[in-house]
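Survey of secondary and tertiary structure
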Amino acid sequence: MGRRELREHIFRLLFRVEFHPDEEMDEQIALYMEHLQTAEEKDRAYIIDKVNAVREKLSGIDDMINEAVEGWSTERMMKVDLTVIRLAVYEMKYDENIPVGVAINEAVELAKRYGTDQSPSFVNGVLAKLA
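Residues numbered from 1 in each chain as written. Predicted model: local features only at pLDDT ≥ 70, side-chain atom pairs only at ≥ 80, totals over all residues. Heavy atoms only, no water.

- For the chain, an unreviewed UniProt entry supplies the name Transcription antitermination protein NusB and the organism Candidatus Onthocola gallistercoris.
- What UniProt states about the chain under its Function (unreviewed entry) heading is, verbatim, "Involved in transcription antitermination. Required for transcription of ribosomal RNA (rRNA) genes. Binds specifically to the boxA antiterminator sequence of the ribosomal RNA (rrn) operons." (UniProt positions renumbered as here; feature names shortened; annotations may be inferred.)

This is how it looks when you write it as structure tokens:
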């Protein structure tokens, strides 16, 4: 599985954070992984590890986002945009294997695919302030 496809699976799982309490997320991850049974074990492990790493840092990531945006807060953002931004902030601040520019570009691509027409520019603007 390529990095883009891995990132998309991570995004899909992180999106569930908005709709399920934290104590249910392990079950949500397990359910999602049932649909990825044909994926290689290393890819499955990477997805799970990255989702859990982002979840562990979620409070700090949200604080960074809230400090960077004016007139917005994480509570007011569209859930798709918020999830894309959270993943990108994690990659920018905590994942040394992903260059900042790549994290931003990939976030904009996810926003184009899953968000509204305004999502790519909104995501790009927020991430530019955090870069």
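Focus: the packing of aromatic side chains
- The full count for this structure, using the stated rule, is five aromatic pairs.
- Pairing Phe 11 with Tyr 114 gives two aromatic rings, centres 4.9 Å apart and planes at 40°, and the pair type is tilted. Of this pair, Phe 11 sits in helix H1 (residues 3-15) while Tyr 114 sits in helix H5 (residues 100-114), placing them 103 residues apart in sequence.
- Between the NZ or CZ atom of Arg 76 and the centre of the ring of Trp 72, over which it lies, the distance is 4.6 Å. (Phe/Tyr/Trp six-rings, centres within 6.5 Å; stacked < 30°, edge-to-face > 60°. Helix = DSSP H or I, 4+ residues; strand = E, 2+ residues; numbered from the N terminus. Lys NZ or Arg CZ within 6 Å of the ring centre and 35° of its normal.)

A few points about the nonpolar core
- Counting residues in hydrophobic clusters, the biggest one holds 43 residues, and the most contacted among them are Ile 47, Ile 65, Ile 85 and Leu 127.
- Listed by contribution, the elements that provide at least two residues to this core are H1, helix H2 (25-34), helix H3 (41-68), helix H4 (79-94), H5 and helix H6 (119-130).
- For Ile 65, the contacting residues outside a window of four places in its chain are Thr 74, Met 77, Leu 82, Ile 85, Arg 86, Val 89, Val 126 and Leu 130. (Core = buried A, V, L, I, M, F, W, Y, C linked by side-chain atoms within 4.5 Å. Buried < 20%, exposed > 50% of the residue type's maximum accessible area, 1.4 Å probe, protein only. Contact = heavy atoms within 4.5 Å.)

Thoughts on the packing of H1 against H5
- Packing of H1 against H5 leaves a shortest axis separation of 11 Å and a crossing angle of 60°. Regarding the angle of H1 to H5, the classification is oblique. The two elements H1 and H5 meet at a crossing, and its hand is right-handed. For the pair H1 and H5, the contacting residues are Arg 4, Arg 7, Glu 8, Phe 11 and Arg 12 in the first and Asn 105, Glu 106, Glu 109, Leu 110, Arg 113 and Tyr 114 in the second.
- Taken together, the residues of the contact of H1 with H5 break down into three nonpolar, one polar and seven charged. (Axes fitted to C-alpha atoms, helices over the stretch in contact; angles between N-to-C directions. Parallel < 35°, antiparallel > 145°, perpendicular 65-115°, else oblique. Left-handed = near helix turned anticlockwise from the far one by under 90°. Nonpolar A, V, L, I, M, F, W, Y, C, P; charged D, E, K, R; others polar.)

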